[in-house]
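In case you want the letters, here they are:
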Amino acid sequence: MNNSTSALADPVTDDPLTRPFAGASPYDTYVHASVLNTLQHPLTEAPDEMGFLVTTQVMELWFTLIAHEWRTARTAFAKDEAHTATEALVRSRRALTALNGAWAPIAALTPAQFNGFRAAFGKASGFQSAMYRHLEFLLGDKSAGLLRAHRGDPAVHEALAETYREPSLYDEVLAYLHRQGLPVPRHVRERDVTTPYTSDPGVVEVWRRVYAGPQHHPHLALGELLTDIAELVTRWRSEHVLVVRRAMGARPGSAGSAGLAWLERRAARPVFPELWEVRGDV
């Protein structure tokens, strides 16, 4: 055995990495990994169920981070703090990219593999995710019915109701642009924010002015950043459709939804619609 191998096998006794911890490691105290690693409880012996559980839980964590960043951006836009808002949106873009990559462990499930554990989760379905509903509400895709579904859990319902009642991220973007001198119509700025946002010709005109103007203007950069986010959300929805189509075809969803057809309708809903419409007008 040479000296280098011996040194690796017998670390110095006062090496900080090998000193006993007084209790839980500082890492675990901060990250709570020991808690996270106890939250996977497969209900079957199917080898693919663990991957399905972990993938779903990881996505929930990404939803939490993205919602946090969008709220940070929304608050900053309301205060005309464009730099802070943009930084939060950039961070959310990175998180969305990671979220999309999280499909990989279950993206190729065959019907037989999925059916090996599907019955075990009964009426559970991804569309019941409260945190994903926060994301949709923050994007302006409000739904009183989908909020009502969570009434059985008062804490979850009230948190979601707060997001439902508040302006969306896009509402605050448009209000900010108006204060910056762009003519966002009054009926858009004063709309009922508990209703789903729909495309408005006046907002299309606002973005047309932005995109027809200086190509290095901060407002155009904001439009492109929002378009990046809209694209990543759409890609996540589309990937969800593909994963479901591959694993279960057009069968009804586990919670009684229309399954694939419901997901396809949701995937077709545009995010920040005017930013897509204006691209054919410039």
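Residues numbered from 1 in each chain as written. Predicted model: local features only at pLDDT ≥ 70, side-chain atom pairs only at ≥ 80, totals over all residues. Heavy atoms only, no water.

Per an unreviewed UniProt entry, the chain goes by the name Tryptophan 2,3-dioxygenase and belongs to Streptomyces griseomycini. As its UniProt record puts it under Pathway (unreviewed entry), the chain is described as follows: "Amino-acid degradation; L-tryptophan degradation via kynurenine pathway; L-kynurenine from L-tryptophan: step 1/2." The Subunit (unreviewed entry) comment attached to the chain in UniProt states, word for word, "Homotetramer." (UniProt positions renumbered as here; feature names shortened; annotations may be inferred.)

1. Some thoughts on the packing of helix α4 (residues 49-78) against helix α7 (residues 130-138)
Viewed as axis vectors pointing N to C, α4 and α7 meet at an angle of 30°, and their least axial separation amounts to 9 Å. As judged from the angle between their axes, α4 and α7 are roughly parallel. Along this stretch, α4 crosses α7, giving a crossing that reads as left-handed. Only Met 131, Tyr 132, His 134, Leu 135 and Leu 138 of α7 make contact with α4, whose side of the interface consists of Glu 60, Phe 63, Thr 64, Ile 66, Ala 67, Trp 70, Arg 71 and Arg 74. Class assignment for the residues of the contact of α4 with α7 results in eight nonpolar, two polar and three charged. (Axes fitted to C-alpha atoms, helices over the stretch in contact; angles between N-to-C directions. Helix = DSSP H or I, 4+ residues; strand = E, 2+ residues; numbered from the N terminus. Parallel < 35°, antiparallel > 145°, perpendicular 65-115°, else oblique. Left-handed = near helix turned anticlockwise from the far one by under 90°. Contact = heavy atoms within 4.5 Å. Nonpolar A, V, L, I, M, F, W, Y, C, P; charged D, E, K, R; others polar.)

2. A short note on the UniProt feature "binding site: heme" (unreviewed entry) in the chain
Feature annotation in UniProt places "binding site: heme" (unreviewed entry) on His 240, given in this structure's numbering. Counting through the fold element by element, His 240 comes out in helix α13 (residues 218-248). Beyond its immediate sequence surroundings of up to four residues, His 240 is in contact with Trp 103 and Leu 263.

3. A short note on the UniProt feature "binding site: substrate" (unreviewed entry) in the chain
Following the UniProt record, the feature "binding site: substrate" (unreviewed entry) maps to Arg 118 here. By the secondary structure assignment, Arg 118 is in helix α6 (residues 111-118). Classification of Arg 118 by relative accessible area gives buried; the value is 12%. (Buried < 20%, exposed > 50% of the residue type's maximum accessible area, 1.4 Å probe, protein only.)

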